[in-house]
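# Architecture and fold: a report
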There are 2 protein chains.
Amino acid sequence: MISKSRISDIRKLHLKKFRDAQQLFLVEGRKCVEMLLQSDYIVEELFATESSVEANKQMLAKVPVTIATPSEMERLSTMSTSPDLLAVVRKKQESSPLDENAPVIVLDRIADPGNLGTILRTADWFGIFQVVCSHDCVDLYNPKTIQSTMGSFCHVDVRYLDLVDFLSEYGKSHRVLGTFLDGSSVYTFDYQPNDCIVIGSESHGIRPEIHHLITNKITIPRGTTPRPSAESLNAGVAAAIVMDHFVSKCTF
Amino acid sequence: MISKSRISDIRKLHLKKFRDAQQLFLVEGRKCVEMLLQSDYIVEELFATESSVEANKQMLAKVPVTIATPSEMERLSTMSTSPDLLAVVRKKQESSPLDENAPVIVLDRIADPGNLGTILRTADWFGIFQVVCSHDCVDLYNPKTIQSTMGSFCHVDVRYLDLVDFLSEYGKSHRVLGTFLDGSSVYTFDYQPNDCIVIGSESHGIRPEIHHLITNKITIPRGTTPRPSAESLNAGVAAAIVMDHFVSKCTF
């Protein structure tokens, strides 16, 4: 049985201020926990239901596990259907310096945790490992973000920076591409392996304060139809289409 | 003041069985309502807060509006932050026959309403107007689906069919492309304007019962990296990347 106070402590990690204070976060569900156990993240405690210990014998062979009943799991978890596995994990300390020969994806005010998670999963698929978030992006360690990365948070290096400061400096030696409605087509744009690519927020696009730091505007062309069509794309979709074109034309 | 029984009737539309029984659904928020009012959907009743009537004078000029207090709106709405505008809308009856010269996107068991909505929004952006869903896809009229279309549900024609029946018949005269991990690259595939493109579910891909009806397997290549990478892409992202390549190479 897990003590009430332990459950209460873990439930605090549903909230950013406690994740920040304690430098801990939650990883929920089999897929994410599987990727976690293959990574260099430090797991403080791993909770599993009895049936999931049985079902994941190999994966859990070398890991200490605390058995949780389904109802305890429900209280620990943020998910509407409670998971079989849930880990309390230590955040990583400072990131290593950026690899300036590889691409960087810059996210400006991405507010939806599902969008952030999806972008990290897509970056991971395409082998892009460096992501810079503005300070007002949603938290990487938000349980919904972690969940929608499907484990890719283990592979992609995410850092939160002031974008004006970062782009002013990084832009001295790198091109800064940004998605706008009136740029060069992403189909024909001449990408370079160390480009920095800025994706704007779901509702507001790229913030005006950094427009002057964008060296190249790029655009995802609409279909050619006389009918009315969508005004914009979802931020996760726009990021994916740009990354897809980028990796199809660059080796890094 | 809106009567208790009216509020209770509208709240029933949060659930699929009542939407099905009454042939009504909800459209919430300014963007979606704006697109709705430009469409040929029949609006049964439009609720607006007093401040939103003032803020959207032009848009609401010719529409009868029921004023709702913010707390009434909160009870009517499915959203965590209640919207300024909420419409009760009649579902459309039977769709018109498919345009066999235009592309069709087929969705197999898409379970997440956000993913379905995002796919419709992306299709709309690219000028693809025909979507066929398997019967076990999430409901088009789920409020979260409608919300994440950002109004594109007004432009895209969605029908629910048995995929074995549909593809057996439609496949006689059309190619049926499907996303797999071992197909031809989406970068170089030779698309035809009337291709039918099947996108599999988030967790299970394309169901085995229809594998034999796929005439062409296509694949989104991963990045070339020696590091571990994501096992799969989000369904909305995969659909977007395929549609993007399709429309960049086809006129329809």
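Residues numbered from 1 in each chain as written. Chains lettered and ligands numbered in written order. Predicted model: local features only at pLDDT ≥ 70, side-chain atom pairs only at ≥ 80, totals over all residues. Heavy atoms only, no water.

## Looking at the nonpolar core
The biggest cluster of nonpolar side chains holds 111 residues, and the ones touching the most others in it are V27 and L107 of chain A together with V27 and L107 of chain B. Other than its neighbours up to four places away in sequence, V27 of chain A contacts C32, V33, L36, L85, L86, A87, V89, I146 and F153 of chain A. (Core = buried A, V, L, I, M, F, W, Y, C linked by side-chain atoms within 4.5 Å. Buried < 20%, exposed > 50% of the residue type's maximum accessible area, 1.4 Å probe, protein only. Contact = heavy atoms within 4.5 Å.)

## Structural notes on helix α3 (residues 30-37) of chain A
Within an α-helix, residues lying three or four positions from one another point in the same direction, as the helix has 3.6 residues per turn. With respect to burial, α3 of chain A is a largely interior element, six of its eight residues being buried. All buried positions along α3 of chain A are accounted for by K31, C32, V33, E34, M35 and L36 of chain A. (Helix = DSSP H or I, 4+ residues; strand = E, 2+ residues; numbered from the N terminus.)

## Some words on the pairing of strand β1 (residues 24-28) of chain A
All names here are of chain A. Within β1, five of the five residues are buried, which leaves it mostly tucked inside the rest of the structure. Here β1 shows a buried face lined by L24, L26 and E28 and a second buried face lined by F25 and V27. In terms of strand pairing, β1 meets strand β4 (residues 85-90) through five bridges, oriented antiparallel. Bridging across to β4, L26 finds its partner in V88. (Pairing = 2+ DSSP bridges.)

## Remarks on the packing of aromatic side chains
All names here are of chain B. Enumeration over the complete set of coordinates arrives at 14 aromatic pairs over all chains. Ring plane angle 90 degrees and centroid distance 6.0 Å describe the contact between F25 and F153, whose orientation is recorded as edge-to-face. Residue F25 is found in strand β1 (residues 24-28), and its partner F153 is found in the loop between α8 (143-149) and β7 (157-161); the two are separated by 128 residues along the sequence. F25 gets classed as buried once you look at its relative accessible area, which sits at 0%. (Phe/Tyr/Trp six-rings, centres within 6.5 Å; stacked < 30°, edge-to-face > 60°.)

## What to know about unusual backbone geometry
Residue R109 of chain A is not a glycine yet carries a positive backbone phi of 55 degrees. The residue R109 of chain A is located in the loop between β5 (104-107) and α7 (113-125) in this model.

## Some thoughts on the relation of the copies chain A and chain B
Each of the two chain copies can be generated from the other by rotation about an axis followed by a shift along it. For the pair chain A and chain B, the superposition axis carries a translation of 0.0 Å, the fit reaches an RMSD of 0.0 Å, and the rotation angle comes to 180 degrees. Taken together, the rotation angle and the small translation identify this as a two-fold axis. When the interface residues of chain A are mapped onto chain B, 100% of them are again interface residues, pointing to one common binding face. (Least-squares fit on C-alpha atoms with pLDDT ≥ 70 in both.)

## Remarks on the interface of chain A and chain B
Taken together, the contact between chain A and chain B spans 34 residues of the former and 34 residues of the latter. Overall, the association of chain A and chain B removes approximately 3,300 Å² of surface from exposure, summing both partners, and the carbon and sulfur fraction of that is 60%. When the buried area of chain A at its contact with chain B is split by residue, R121, W125 and F129 of chain A rank highest and sum to 22% of it. Run the count over chain A and chain B and you get two salt bridges. K31 of chain A is the salt-bridge partner of E231 of chain B, the closest N and O atoms lying 2.8 Å from each other. At the boundary of chain A with chain B, the tally comes to 16 residue pairs in polar contact (both at pLDDT 80 or more). (Buried area = accessible area lost by both parts, 1.4 Å probe. Salt bridge = Lys/Arg side-chain N within 4 Å of Asp/Glu carboxyl O. Polar contact = N/O pair within 3.5 Å; in protein donor to acceptor, adjacent residues only side chain to side chain.)

## Some points on the pattern of salt bridges
Scanning all chains against the criterion turns up 36 salt bridges over all chains. D40 of chain A is the partner of K92 of chain A in a salt bridge, and the nearest nitrogen-oxygen pair spans 2.8 Å. Placement of K92 of chain A in the loop between β4 and β5 and of D40 of chain A in the loop between α3 and β2 (43-48) is noted, with a sequence separation of 52 residues between them. The exposed category is assigned to D40 of chain A, whose relative accessible area is 60%. Here the salt bridges share partners, and the residues they tie into one network are R30, K31 and E34 of chain A together with E231 of chain B.

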